[in-house]
Each structure stands twice: as structure tokens, then as C-alpha cells.
Amino acid sequence: MATVTFRDETATGKPLAEWEVVGQPDRMTVRELIRLRVREEVARHNARPTIRFNGLVRPDDAETELNGYRLREPRRIDWERQAEIAERAFLANGFFVLAGDRQVEDLDEVVDLTAGSDLVFIKLLSLVGG
């Protein structure tokens, strides 16, 4: 069983957040890894719902803030809906994923977690007026 380290970074490589999930299979697809990440971050939010959600993608009816999203009111979030949003964002280049030192480009690509279980997520931000 592998331990997966999820790490968020800026496009310039500045670390933003990092956490681990233990007891995972040795090989997982990028889709499975994104869904695992989303399920974990939503579970953390749902354990103590607030108006702020720190996650990979914006929940429905939320506003983007610096390093997170503001909900209209504290509420639980549906992790499966968030996973669908994340998969679409990945396909639309809303963020990219580095496994080890290489970029993964396909949701069905298999990542060997025994060779290095660090996954770096880099969100791509839209430029205002550009």
C-alpha cells in the first residue's frame, strides 16, 4: 500500500499546501487520484462546514477568493459533484498535475505510486482583462 502526497503549488513553484493520504493502491489512474484528492478535501470541509472552502475547484454557487472559495452560507459539499467539476477542469487545462517530475496529461494514465508518490497540482488562473 502506498502513501500519496498531494501538494499545491503556484506556477512559479511556490508551495501552497501539502497533505498525505495513506493506504492507497500502488498504481492509480489520474482520474482516481483527482477523485481521491477531492473526496478527502470535501470530507475535511464537511466535518466542520464554514463559508470558506479550500479545494482544488470552485463549488457551485461559490465566489473565488484568494486561495479558496466563499460559499453563500456554511453548507456541506457533494464530493462527487466536486469530482465531476475537477475532471472537467483538468480536461480544460484549469490545472495540471505533475507526478514526480513529469506532467500527466490523460485522466486514464496510470501513475506508479511506488516510484514516488508526490503529486503536484498547479492551478492556472485567468488573467483579468487579458
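From a predicted model like this one, the values you see are computed outputs, not experimental measurements.

(A) Examining the overall build of the protein chain more closely. Scanning the protein chain from N- to C-terminus turns up two helices and ten strands. Going residue by residue from the N terminus, the α and β elements of the protein chain occur as β-β-β-α-β-β-β-α-β-β-β-β. Taken over C-alpha atoms, the radius of gyration comes to 14 Å for the protein chain, in line with the 14 Å a tight globule of 130 residues would show. Considered along the principal axes of its C-alpha atoms, the protein chain spans approximately 40 × 40 × 25 Å. By residue count, 39% of the 130 residues in the protein chain fall in the buried class. If you take every contact in the protein chain between residues at least 6 apart in sequence, the share linking residues at least 24 apart comes to 52%. Only carbon and sulfur atoms are counted for the fraction: they give 48% of the accessible area of the protein chain, which is about 7800 Å². Side chains of the protein chain give 19 positive and 24 negative charges; the mean places of these two sets differ by 6 Å.

(B) Representation of the environment of D112. Here D112 shows up in strand β9 (residues 110–112). Looking at D112, the relative accessible area reads 31%, which means it is partly exposed. C-alpha of D112 to C-alpha of T29: the two residues are 83 residues apart in sequence and 8.8 Å apart in space. Apart from the residues lying within four places of it in its own chain, the contact partners of D112 are D26 and R27. Engagement of the side chain of D112 in a polar contact is seen with the side chain of T114, the distance being 2.5 Å.

(C) The packing of aromatic side chains, seen in detail. Here the structure, examined in full by the defined rule, presents four aromatic pairs. Judged by centre distance (5.8 Å) and plane angle (55°), the ring pair of F90 and F95 falls under tilted. For the pair shown, F90 and F95 are each scored as buried. Members of the aromatic cluster, each reached through a chain of ring pairs, are F6, W19, F90, F95 and F121.

(D) Region of interest: the pairing of strand β10 (residues 118–123). Taken together, the five bridges between strand β1 (residues 2–9) and β10 define a ladder with parallel strand orientation. Opposite R7, over in β10, you have V120 as the bridge partner.

(E) A look at the sheet that holds strand β6 (residues 68–71). Strand order across the open sheet formed by three strands is β4-β6-β5, with antiparallel pairing between neighbours. Each end of this open sheet is capped by a strand with a single partner; those strands are β4 (52–53) and β5 (62–65).

(F) Here's a closer look at helix α1 (residues 30–47). Helix length check: α1, at 18 residues, gives a terminal C-alpha distance of 26 Å against a target of 26 Å (1.5 Å per residue), a fit within 8%. Taken as a whole, α1 has its buried residues at V30, L33, I34, L36, R37, V38, E41, V42, H45 and N46.

(G) Quick look at the pattern of salt bridges. What the rule picks out here adds up to 13 salt bridges. The residue E65 makes a salt bridge to R52 at a minimum N-O spacing of 2.5 Å. Of this pair, E65 sits in strand β5 while R52 sits in strand β4, and the two are 13 residues apart along the sequence. Since its relative accessible area comes to 27%, E65 is described here as partly exposed. Judged by its relative accessible area of 29%, R52 is partly exposed. Put simply, E109 and R102 hold a salt bridge, and the shortest N to O gap is 2.4 Å. The class for E109 is partly exposed, based on a relative accessible area of 22%. The class for R102 is partly exposed, based on a relative accessible area of 37%.

Criteria and cut-off values
Residues numbered from 1 in each chain as written. Predicted model: local features only at pLDDT ≥ 70, side-chain atom pairs only at ≥ 80, totals over all residues. Heavy atoms only, no water. Helix = DSSP H or I, 4+ residues; strand = E, 2+ residues; numbered from the N terminus. Rg over C-alpha atoms; globule rule 2.2 N^0.38 Å. Buried < 20%, exposed > 50% of the residue type's maximum accessible area, 1.4 Å probe, protein only. Contact = heavy atoms within 4.5 Å. Areas by Shrake-Rupley, 256 points an atom, 1.4 Å probe, with all protein chains shown as cover. Lys, Arg positive; Asp, Glu negative; His and termini not counted. Charge placed at Lys NZ, Arg CZ, Asp CG, Glu CD. Polar contact = N/O pair within 3.5 Å; in protein donor to acceptor, adjacent residues only side chain to side chain. Phe/Tyr/Trp six-rings, centres within 6.5 Å; stacked < 30°, edge-to-face > 60°. Pairing = 2+ DSSP bridges. Expected span 1.5 Å × (residues − 1). Salt bridge = Lys/Arg side-chain N within 4 Å of Asp/Glu carboxyl O.

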